[in-house]
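# Architecture and fold: a report
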Amino acid sequence: MVPSPNSPQSPYFPECVNWLLENQLPDGSWCLPHSHPLLIKDALSSTLACVLALKRWNIGTNHIEKGIHFIVSNFPSSTDEKQHAPIGFDITFPGMIEYAREMGLVLPLSSTIADALFRKRNLEFRRTSESNSEGKKAYLAYIAEGLQNLQDWKEVMKYQRKNGSLFNSPSTTAAAFTHLQDANCLGYLRTVLKEFGGAVPTTYPLDIHAQLCMIDSLIGLGIDRHFRNEIKNVLDETYRCWLQKDERIFLDLDVCAMAFRILRTNGYNIAADALPQFVEEKHFLDSLGGHLNDIHVVLELYKASQFMIFPNEPVLEKHQFWLSWYLKQEISKCLENRDGVSRYITQEVDYALKFPHYANLERLENRRNMEHYNLNHPRILKTSYRCLNIHNIEFLELAIEDFNNCQEIYHKELKELERWVNDNKLDQLKFARQKLTYCYFSAAATLFSPELSDARISWAKNSLLTTVVDDFFDIGGSKEELENLIKLVEKWDENFAIGRCSEQVEIVFSAIHSTVNEIGDKAFKCQRRCVTNHLVEIWLNLLNSMMREADWLRNKSVPTMDEYMENGYVSFALGPIVLPALYLVGDTLSEEAVRSPEYHNLYKLMSTCGRLLNDIQGFEREGKQGKLNGVSLQMIHGSGVVKEEQVIREMRSLIENTRKELLGLVLQTNGSLVPRACKDLFWKMSKVLHLFYSKNDGFTSPHDMMRYVNEVIYEPFDPLRLEKMKISEVAAEECTGLLSSM
């Protein structure tokens, strides 16, 4: 639509006009081919814009006639509330109809429908323009091309960005250049055309956003380990842009929120105060982002708000509170009006609310992302658009192949573990719960890549052994047997046990002895030093803590809460599961790191979360068994004044604060002695615990976990699903033209 400065009756960018002539669809429209039937408003808006452009230069008569036919045929959809509207449609579309009349273009439209559109336009414009809200002013500037002479163009120019654009929108920028002949606007438009030829996307640039979305997809599908170097290069560059306050990040809410989340989780030093300060819903609704009403933006802000790692981050706390409420309201609206366009984002929001990041196991998330991978999901700004680099078939194909290959490895490892149970006679211990599958699941769902096989096996074996020992101390062993077991571990001589203790003690000790030595041998190859003594020390600490609890119970002693928690984080038995596995994840773990306060704090914080979660969910069950429990203990020390609800509320608050502190330690890089790969295991176990205890004691009530176990270990991803997705993709592959190169 921009006229040439030398010849006002000719287009400044004739290549764009040629693109229109070459890309009209058979039905007369200009829009994404095979678009969803609920995107007719998008097609109407785009088609009328193209018709006006051709009429402006008096070319393409047949194209204009076909376009008008499409508009007239589909005009009733312009007032259909079920249709999804592009941003600004209620103002821009009627504005284009008026402009068409001024140009002498005959549009045989229903006067009733047209009058309804104008009434709605006038009401919307009056409501918005009379407001002093900065967000509403920015919104009107964003859709300025639909207002033409109703807009104060000099006022609009205060939103110009360093790249010369207005809101990174080629259409707004072109309209501004037409009115003001601003050289920077022209420079931006020329940059866009140099990148795309005659085609112009609805928004540009998208490079940082597209790259972050790709990284998010790779991580979500569980295949990011294949692209470590590429991802690091992108994140290093994104961090540089973050430090420079680059507009491509900070002037787009979803990009800013996504950059914050991904950079922070990857160890970059990112402060929360750089995020928009929407401490209440009304602040967001008064912003441009609120007026654009893009639920994708709200979801990204919510995801970012979950990554609180410092004691005082009020912005994130307030974000999380109102964004959670807001998303629940929005999803209820979407469920009432469920349709194909909103289905995908509705699923995303529902999943994010049900499974917060701290209770979401990687392999479960990977599977869910594969099952709900949307190869043909358009976003809607002023027009609908689709970026193939974000959702492409190659990512999905690699993810499915990787997932199914890993499952074959899991099957072999599980059979190996079953033989180990039989060889060590653990199945002969009648008192012990047989939870091998669940023990292995917690390893496979988090340490899922093939190269972590030794760590998975160590994790699973020690998970089962700690379960056996826990049952032995609770119900299976006499006081003498428990003391014998501790003495055997102190001596660490397998031959000493023969004939000197009960068969039960001999079986338990022999299994611990052989397993610790086996893990010690594997760790020696990785670490180039002997760590077996440390592994024995870990087991001895656990046994002594369990003995202390057994003595309390036997003597009917009531420890203080501090005594209980100081012993309880060890007796919760995560030490033998997590700590030996740290030696097997590939990074060098020095003796200095193992003896450092950082290492101890990671262990204590993780175990404290587990102990408190267990005590809340296991309160009634353990009370019936006569076992000590943090909830009952606080009620006892409260002299009957403190109620169960109050105790649980306080414990949940403590869990939340402990979890934040743990995540902060895991993500901390400055002065850290423990390698990131090792620190991740503490966080992974914390996520396992939060999932297991999300509704009840999942370990004791395994039926709730069966579906998760099957999804991770036993049920391969059906290749037929991929074929169905490909068939759907063929129907939409023509949509790649405009934005596929981004």
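Residues numbered from 1 in each chain as written. Predicted model: local features only at pLDDT ≥ 70, side-chain atom pairs only at ≥ 80, totals over all residues. Heavy atoms only, no water.

## Remarks on the overall build of the chain
Just so we agree on the cut-off: Helix and strand labels come from DSSP, where a helix needs a run of H or I of at least four residues and a strand needs a run of E of at least two; each type is numbered from the N terminus. Partly exposed describes any residue whose relative accessible area lies between the buried limit of under 20% and the exposed limit of over 50%, with all areas from a 1.4 Å probe on protein chains only and scaled to the type maximum. Only heavy atoms enter the contact rule, under which two residues are in contact if any of them lie within 4.5 Å. What sets the accessible areas is the Shrake-Rupley method with a 1.4 Å probe; for residues, cover comes only from the shown protein chains.
Each helix and strand counted, the chain has 36 helices and 2 strands in total. Expressed as a percentage of the 742 residues in the chain, the buried residues total 57%. The long-range fraction of contacts in the chain, counting pairs at least 24 apart against all pairs at least 6 apart in sequence, stands at 72%. Accessible surface, the chain: about 32800 Å² in total, of which carbon and sulfur atoms supply 50%.

## A word on the nonpolar core
Definition in use: Nonpolar core, defined: a set of buried Ala, Val, Leu, Ile, Met, Phe, Trp, Tyr and Cys residues in which side-chain atoms within 4.5 Å join the residues together. Domain ranges listed in this record stem from an automatic or a database domain assignment.
One finds L426, F441, V578, L582, L589, F682 and M685 to be the most contacted residues of the largest nonpolar core, which totals 119 residues. If one sorts the elements of this core by residue count, helix α26 (residues 532-554) sits on top with 11 residues. Here this core spans two domains, since at least three of its residues come from each of domain 3 (206-391) and domain 4 (397-719). Ranked by size, the runner-up nonpolar core spans 59 residues in total, among them I215, A257, F260 and L263.

## Points about the pattern of salt bridges
Filter applied, for reference: Any Lys or Arg side-chain nitrogen found within 4 Å of a carboxyl oxygen on Asp or Glu counts as a salt bridge.
Taken as a whole, this structure holds 43 salt bridges when the rule is applied. Salt-bridge contacts for R529 lead to E591; the nearest nitrogen and oxygen are separated by 3.1 Å. Residue R529 is found in the loop between α25 (503-527) and α26, and its partner E591 is found in helix α29 (residues 591-594); the two are separated by 62 residues along the sequence. Residue R529 is classed as partly exposed on the basis of its relative accessible area of 21%.

## Section: the side chain of Q83
Spelled out, the test is: Whenever two N or O atoms come within 3.5 Å, that pair is a polar contact, provided that in protein one can donate a hydrogen and the other can accept it, and provided that, for residues adjacent in sequence, both atoms are side-chain atoms.
Topologically, Q83 is positioned in the loop between α3 (61-74) and α4 (89-102). Looking at Q83, its side chain comes within polar contact range of the main-chain nitrogen of L39, at 3.4 Å. Look past the residues within four positions of Q83 in its chain and what remains in contact with it is P37, L38, L39, I40, K41 and S77.

## Section: the domain arrangement of the chain
Along its sequence, the chain is carved into domain 1 (1-130), domain 2 (132-200), domain 3 (206-391) and domain 4 (397-719). Inter-centroid distance (C-alpha atoms) of domain 2 to domain 4 is 59 Å.

## Comments concerning a negative patch on the surface
Keep this limit in mind: Patches draw on residues past 30% relative accessible area with no salt bridge. Two like charges within 9 Å are joined, as are two nonpolar side chains (Val, Leu, Ile, Met, Phe, Trp, Tyr) within 5 Å. Charge counting treats Lys and Arg as positive and Asp and Glu as negative, with His and both chain ends excluded. By convention, charge coordinates are those of NZ in Lys, CZ in Arg, CG in Asp, or CD in Glu.
A contiguous patch of negative charge on the surface is contributed by D493, E494, E503 and E506. Turning to its location among the elements, E503 is positioned in helix α25.

## Focus: the packing of aromatic side chains
As a reminder of what qualifies: Pairing of aromatic side chains here covers Phe, Tyr and the six-membered ring of Trp, requires ring centres within 6.5 Å, and sorts the geometry by plane angle: under 30 degrees stacked, over 60 edge-to-face, intermediate tilted.
Evaluation of the coordinates by the stated rule reveals 19 aromatic pairs. Ring plane angle 45 degrees and centroid distance 6.4 Å describe the contact between Y188 and Y204, whose orientation is recorded as tilted. Taken together, the residues Y188 in helix α9 (residues 183-196) and Y204 in the loop between α9 and α10 (207-221) connect sequence positions 16 residues apart. For Y204, a relative accessible area of 15% translates into the label buried.

## Points about the packing of helix α1 (residues 14-22) against helix α2 (residues 40-56)
Applied cut-off: To obtain an axis, a line is fitted to C-alpha atoms, over the contacting stretch when the element is a helix, and the angle between two such axes runs from 0 to 180 degrees between their N-to-C directions. In what follows, roughly perpendicular refers to angles from 65 to 115 degrees, roughly parallel to angles under 35, roughly antiparallel to angles over 145, and oblique to any angle outside these ranges. Should the near helix be turned anticlockwise from the far one by less than a right angle, the crossing is termed left-handed; should it be turned clockwise, right-handed. Under the scheme applied, nonpolar residues are Ala, Val, Leu, Ile, Met, Phe, Trp, Tyr, Cys and Pro; charged residues are Asp, Glu, Lys and Arg; polar residues are all the others, including Gly.
Viewed as axis vectors pointing N to C, α1 and α2 meet at an angle of 120 degrees, and their least axial separation amounts to 10 Å. Overall, the two elements α1 and α2 adopt an arrangement that is oblique. Once α1 is placed against α2, the crossing between them reads as left-handed. Taken together, the residues of α2 that come into contact with α1 (itself represented by V17, L20 and L21) are C50, A53 and L54. Here the contact of α1 with α2 is built from residues that sort into 6 nonpolar, no polar and no charged.

## Quick look at the packing of α25 against α26
Between α25 and α26, whose axes approach to 9 Å, the crossing angle comes to 140 degrees. Judged by the inter-axis angle, α25 sits oblique to α26. In the crossing of α25 with α26, the sense of the turn from one axis to the other is right-handed. Packed against α25, whose contacting residues are I512, V516, N517, I519 and G520, the element α26 presents T532, L535, V536 and W539 at the interface.

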